[in-house]
Amino acid sequence: MLIQQIVNGLTLGAIYSLIALGYTLVYGILTMINFAHSEVLMLGAFMALGLAALLPAVFGTGLVGLAGMFILSMAGAGLINVIIERLAYRPLRHISRLAPLISAIGVSIILQNGVFLWVSTQSLRFPEPVVIDQVQVFGATVSTLQIIILAAALILMGLLHFFVEHTKLGKAMRACSDDIQTAGLMGINSDYIIALTFFVGGALGGAAGVLYGMNYGSIKYNLGFLPGAKAFTAAVLGGIGNIRGAVLGGFILGFLEVLASGYIPNGAQWRDVIAFTVLIIVLLVRPSGLLGEKIAEKV
Amino acid sequence: MTLRKAFAVAAVVLAASCGPKEKTVKIAVAVPLTGDMGTEGQGLRRAVEMAVEEANAAKRFPYKLVAAPYDDRADPKEAVNVANLIISDPNVVAVVGHYNSGCAIPAAKVYARAPVAMISPAATNPEVTAQQDSTDWSGPRIVFRVVPTDDVQGSYAAQFAFKSLGKRRMTLLHDKTPYGQGLGEQFKKTFIGLGGKIVSEDGVSVGDKDFKALLTKVRSDASKPEGIYFGGLYTEAGLLLKQMRELGLKEPFAFISGDGSKTPSIFDVAGDAADGAYLSIVGVPVEELPSAKTFVEDYKKRWTGSGEELKPFDHFGYEAAQVIFAAIERAGGPDRTKVIEEIRKTDYTGVLGRTTFDAKGDTLNKIVTMTRARAKDRAFPSVK
């Protein structure tokens with residue numbers, strides 16, 4: 001049972017982590033919470049659904065088709081996030097810290113209702129791009145889907161790590177995150193880097209949306225809200241602004257939920273209470289999150 | 001179209017709408033029209049609309065009947081708002097609704113204030129009618145329903161699990177709503193009474209997506225449950241089925257649930273994993289009901305091209321409308337209070353067979369059937 005629960009926790013945690021990364025990347029650079037991120041996640045899933053009908057003709061089915069669906073949905077979600085930033089956040093960036101926050105909530109409502117009114121008010125079946133099998137690993141039943149989810153999440157996290165730590169653009173991103181004004185003085189085009197950050201964050205969110213759709217088999221206009229809220233929590237738990245923290249927080253939250261509903265009698269209905277109680281305790285002890293550094297308030 | 005022509009058309013339209021107004025009488029249809037339960041509500045709306053169209057075509061009344069749809073979004077708060085809206089419209093003579101027990105219970109209190117009759121085509125929690133006996137009920141008795149209650153359905157499922165499937169140890173899950181929990185409690189009571197054992201009991205939240213941890217616990221339970229009884233609706237039931245099968249909980253491990261899960265939409269959520277699920281329904285499957293043959297054919301004819309299937313409660317909605325029509329006829333006019341009294345005296349034979357109401361307002365026509373989901377043609381043939 002423990003191994004099975006670990007597998008469950010890993011799958012859930014991988015999805016939370018991917019979403020949390022989107023929150024943390026944007027926060028790291030702008031100290032702003034992108035409340036529309038959960039909708040980018042939802043749109044990623046809907047794009048994949050639309051593509052699933054078209055793609056087999058182009059890429060065929062199987063892993064190639066799956067990869068194609070992933071890459072296109074990620075690119076689409078990334079672009080949407082860039083457009084949101086350009087239209088709704090950038091014009092407000094220098095006005096006050098609260099304005100973009102409210103703007104983000106507005107964007108979230110607009111996107112959610114847009115899908116609600118124009119696409120569907122109901123759950124739509126999400127196709128299975130590859131045949132799902134079950135394999136037995138140490139007495140646990142692991143579906144190939146869970147392996148795909150975990151592998152996709154780990155690959156994306158690896159790529160992100162490489163990008164941020166080992167490329168020039170990543171270096172520019174870190175510089176902006178440290179001090180955006182000084183970075184600008186050093187010749188970094190900060191607007192461009194911010195847009196890039198939104199693209200990367202959005203793409204990760206889009207990927208999470210596709211994984212989410214695959215995992216639960218159906219999608220709906222409001223699917224982003226709950227995992228978005230949970231992932232935001234995970235990002236805060238790990239230390240918002242910190243990439244490793246977001247991943248750590250995502251997995252911790254995933255495991256907490258699984259352990260609560262798996263091992264506590266009648267825990268399924270208490271799991272959110274338990275998970276959030278732990279969060280509050282962690283924040284009381286470490287206000288800046290598990291891996292967050294204490295930084296002086298930016299003025 | 002030239003501008004002048006457009007004006008001419010507009011003038012004609014305007015003139016037509018300004019003429020002496022034809023008297024209309026409304027039957028309110030208060031059901032979820034959007035959201036996950038929207039598919040079921042839209043089916044009920046279509047059924048009532050069809051009943052109204054037929055009555056108008058047959059010139060049953062000297063005025064025009066209209067089915068007025070109201071969306072309660074399966075949300076109790078919204079149901080109360082909608083109920084207030086309905087009672088403030090003097091043209092509404094009676095209400096067909098609500099779909100969810102959670103909505104019907106608070107909304108009924110509002111209708112009692114008017115008072116206006118409410119006939120539920122789908123809410124099965126006993127409390128929907130039983131609340132009229134409580135001390136805080138003010139106003140006359142106005143609640144009726146054409147569906148049998150959960151105590152009938154939950155205990156039928158328990159007997160089916162114990163006798164027909166030979167299950168002795170079951171796990172009970174429910175969605176904590178009046179409908180789901182009510183169904184679950186009735187199941188438990190009867191199952192234990194028969195000598196069975198409920199090895200564990202858990203509540204899940206409506207809207208939850210991940211039940212893997214919970215199902216893993218069920219799978220590794222030392223007392224080896226032989227199946228799950230779930231009190232709840234199709235979204236959660238579908239996800240439970242899908243994740244259950246992914247964890248390897250397959251036949252003969254049974255999944256039994258109630259009428260809230262018995263809808264073709266469950267195949268959209270669970271896909272092939274829904275195959276083999278036992279879902280009880282109130283009444284007989286409409287396709288197997290001889291008295292409903294014309295209804296099913298008419299419905300398919302009326303709504304072809306809308307891409308809509310017949311939903312599980314549509315014939316109840318149709319029947320509720322017929323009961324109201326008959327009551328209006330006997331009352332001699334669309335008078336709310338008289339219609340309530342006439343509905344109480346109902347003895348109507350139609351699609352469902354013979355419908356009469358007991359003192360609480362519940363139908364005395366209490367048949368429950370067990371069906372089994374079949375994914376390949378999205379059907380639910382009945383099983384014995």
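Computed from a predicted structure; not experimentally measured.

Q: Which parts of the structure should I look at to understand the overall build of chain B?
A: Looking only at helices and strands, one finds 13 helices and 14 strands in chain B. In terms of overall size, chain B behaves like a compact globule, its C-alpha atoms giving a radius of gyration of 22 Å where 384 residues would be expected to give roughly 21 Å. For chain B, long-range pairs separated by at least 24 residues make up 74% of all intrachain contacts whose partners lie at least 6 apart in sequence. With the model as given, the accessible surface of chain B reaches about 14800 Å², and the carbon-plus-sulfur share is 55%.

Q: When you look at the sheet that holds strand β5 (residues 143–145) of chain B in this model, what are you seeing that I'm missing?
A: Hydrogen bonds between backbone groups are what pair the strands of a sheet, and the pairing can be parallel or antiparallel. Residue and element names in this part refer to chain B. Reading across the sheet, the five strands line up as β2-β1-β3-β4-β5 and stay open at both edges, with parallel pairing between neighbours. On the outer flanks of this sheet lie β2 (64–71) and β5, each paired with one strand and no other. For this sheet, the mean inter-axis angle between neighbouring strands, taken without regard to orientation, is 25 degrees. As defined by bridge partners, strand β4 (residues 117–120) adjoins β5 across three bridges and the pair is classed as parallel. Each residue of the ladder has a partner; that of M118, found in β5, is V143. The sheet contacts of helix α2 (residues 38–57) involve β1 (24–31), β2 and β3 (92–97), and relative to β2 the element is tilted by about 170 degrees. Where helix α4 (residues 101–113) meets the sheet, its contacts fall on β1, β3, β4 and β5, and the angle it forms with β4 comes to roughly 160 degrees.

Q: Sorry, what's going on with the packing of helix α1 (residues 2–30) of chain A against helix α9 (residues 225–238) of chain A here?
A: Between two packed helices, both the angle of their axes relative to each other and the distance between the axes serve to describe the pair. All names here are of chain A. Between α1 and α9, the shortest axis-to-axis distance is 8 Å and the interhelical angle comes to 70 degrees. Taken together, the axes of α1 and α9 are roughly perpendicular relative to one another. Read as a crossing pair, α1 and α9 show a hand that is right-handed. Note on element contacts: α9 touches α1 through P227, G228, K230, A231, F232, A234 and A235, opposite Y16, I19, A20, Y23 and T24. Looking at the contact of α1 with α9, its residues break down into nine nonpolar, two polar and one charged.

Q: Would you take a moment to explain the pattern of salt bridges for this structure?
A: Opposite charge on two side chains permits them to pair, given that their charged atoms come into close proximity. By the definition in use, this model includes 29 salt bridges over all chains. A salt bridge links D133(B) to R141(B), with the nearest nitrogen and oxygen atoms 2.9 Å apart. The residue E342(B) makes a salt bridge to R330(B) at a minimum N-O spacing of 3.0 Å. Placement of E342(B) in helix α13 (residues 336–344) and of R330(B) in helix α12 (residues 314–331) is noted, with a sequence separation of twelve residues between them. What you see here is one network of salt bridges that share partners, running through K230(A), E257(A), R271(A), D272(A) and D208(B).

Q: Quick question: what am I supposed to make of a nonpolar patch on the surface here?
A: All names here are of chain A. Residues M1, L2, I6, L259, Y263 and I264 make up a contiguous nonpolar surface patch of about 500 Å² in total accessible area. As for its position among the elements, I264 is in the loop between α10 (243–263) and α11 (271–285). According to the relative accessible area criterion, I264 is partly exposed, its value standing at 36%.

Q: In this structure, what is going on with the side chain of S257(B)? I would like to understand it.
A: Along the chain, S257(B) turns up in strand β9 (residues 254–257). Within polar-contact distance, the side chain of S257(B) engages the side chain of S261(B) at 3.1 Å.

Q: What am I meant to see in the interface of chain A and chain B here?
A: Interface size is commonly expressed as the accessible area that is lost once the parts come together. Tallying the contact residues gives 35 residues for chain A and 34 residues for chain B. Note on chain A versus chain B: buried area summed over both sides is about 2700 Å², and carbon and sulfur give 45% of it. For the chain A face of the interface with chain B, the top three residues by lost area are Q122(A), R125(A) and Y216(A), together amounting to 20%. The partner of D208(B) in a salt bridge is R271(A), and the shortest N-O contact between them spans 3.4 Å.

Q: Which parts of the structure should I look at to understand the domain arrangement of chain B?
A: Residue and element names in this part refer to chain B. The assigned domain composition of chain B is domain 1 (24–147 + 313–351) and domain 2 (151–284 + 368–383). Using C-alpha coordinates to define each centre, domain 1 is positioned 30 Å away from domain 2. Its largest share of buried area at the contact with domain 2, domain 1 owes to D36, M37 and T124, together 33% of the area lost on that side. In this assembly, domain 1 and domain 2 are joined by three residue pairs in polar contact (both at pLDDT 80 or more).

Q: Before we go on, may I ask you to explain helix α6 (residues 168–178) of chain A in this structure?
A: Within an α-helix, residues lying three or four positions from one another point in the same direction, as the helix has 3.6 residues per turn. Residue and element names in this part refer to chain A. Among all positions in α6, only G170, A172, M173 and C176 are buried. Angularly, the buried residues of α6 cover 160 degrees about the axis, an arc narrow enough to put them on a single face. For α6, the exposed residues lying more than 90 degrees away from the buried face are K168, K171 and D178. On its buried face, α6 sits against α1, α5 (144–166), α7 (180–185) and α8 (190–216).

Q: Honestly, the packing of aromatic side chains in this entry has me stumped. Any pointers?
A: Ring pairs (aromatic) are described by centroid distance and by the angle formed between their planes. Residues and elements named next belong to chain A. Under the criterion given, the structure shown has 18 aromatic pairs over all chains. Consider the rings of F35 and F232, whose centres lie 6.3 Å apart with planes at 55 degrees: the pair is tilted. Note that F35 is positioned in the loop between α1 and α2 (37–59) and F232 in helix α9, a separation of 197 residues in sequence. Here F35 falls in the partly exposed class, since its relative accessible area comes to 30%.

Q: Would you mind showing me how to read empty space enclosed by the protein here?
A: Empty space left among the atoms is revealed by rolling a probe the size of a water molecule over them. Taken as a whole and assessed by the stated rule, the structure comprises four cavities of 30 Å³ or more. When its volume is computed, the largest cavity comes out at roughly 60 Å³. Every residue lining the largest cavity is listed: D259(B), K262(B), I281(B), V282(B), V284(B), P285(B), V286(B), P312(B), F313(B), H315(B) and F316(B). For the lining of the largest cavity, the secondary-structure elements that each account for two or more residues are β10 (278–282) and α12 of chain B. Of the residues in the lining of the largest cavity, the class split is eight nonpolar, one polar and two charged. Shared between two domains, the lining of the largest cavity takes at least three residues from each, and those domains are domain 1 (24–147 + 313–351) and domain 2 (151–284 + 368–383) of chain B. Every residue along the wall of the second largest cavity is listed here: S261(A), A268(A), R271(A), G203(B), V204(B), D208(B), D210(B), F211(B) and L214(B). A per-class count over the lining of the second largest cavity returns four nonpolar, two polar and three charged.

Q: What is the right way to read the packing of α1(A) against α10(A) from this model?
A: Residue and element names in this part refer to chain A. Put simply, α1 and α10 touch, their axes get as near as 6 Å, and they point 145 degrees apart. The handedness of the crossing between α1 and α10 is right-handed. Residue composition of the contact of α1 with α10, grouped by class: 17 nonpolar, nine polar and one charged.

Cut-off values and rules
Residues numbered from 1 in each chain as written. Chains lettered and ligands numbered in written order. Predicted model: local features only at pLDDT ≥ 70, side-chain atom pairs only at ≥ 80, totals over all residues. Heavy atoms only, no water. Helix = DSSP H or I, 4+ residues; strand = E, 2+ residues; numbered from the N terminus. Rg over C-alpha atoms; globule rule 2.2 N^0.38 Å. Contact = heavy atoms within 4.5 Å. Areas by Shrake-Rupley, 256 points an atom, 1.4 Å probe, with all protein chains shown as cover. Pairing = 2+ DSSP bridges. Axes fitted to C-alpha atoms, helices over the stretch in contact; angles between N-to-C directions. Parallel < 35°, antiparallel > 145°, perpendicular 65-115°, else oblique. Left-handed = near helix turned anticlockwise from the far one by under 90°. Nonpolar A, V, L, I, M, F, W, Y, C, P; charged D, E, K, R; others polar. Salt bridge = Lys/Arg side-chain N within 4 Å of Asp/Glu carboxyl O. Patch = residues over 30% accessible without salt bridge, like charges linked within 9 Å, V, L, I, M, F, W, Y side chains within 5 Å. Buried < 20%, exposed > 50% of the residue type's maximum accessible area, 1.4 Å probe, protein only. Polar contact = N/O pair within 3.5 Å; in protein donor to acceptor, adjacent residues only side chain to side chain. Buried area = accessible area lost by both parts, 1.4 Å probe. Domains from an automatic or database assignment. Arc of directions from axis to C-beta. Phe/Tyr/Trp six-rings, centres within 6.5 Å; stacked < 30°, edge-to-face > 60°. 1 Å grid on protein atoms, 1.4 Å probe; cavity = no way out; pocket = protein on both sides within 12 Å on 5 of 7 lines; lining within 4 Å. Points joined across faces, edges and corners; volume = space filled by probe spheres on them.

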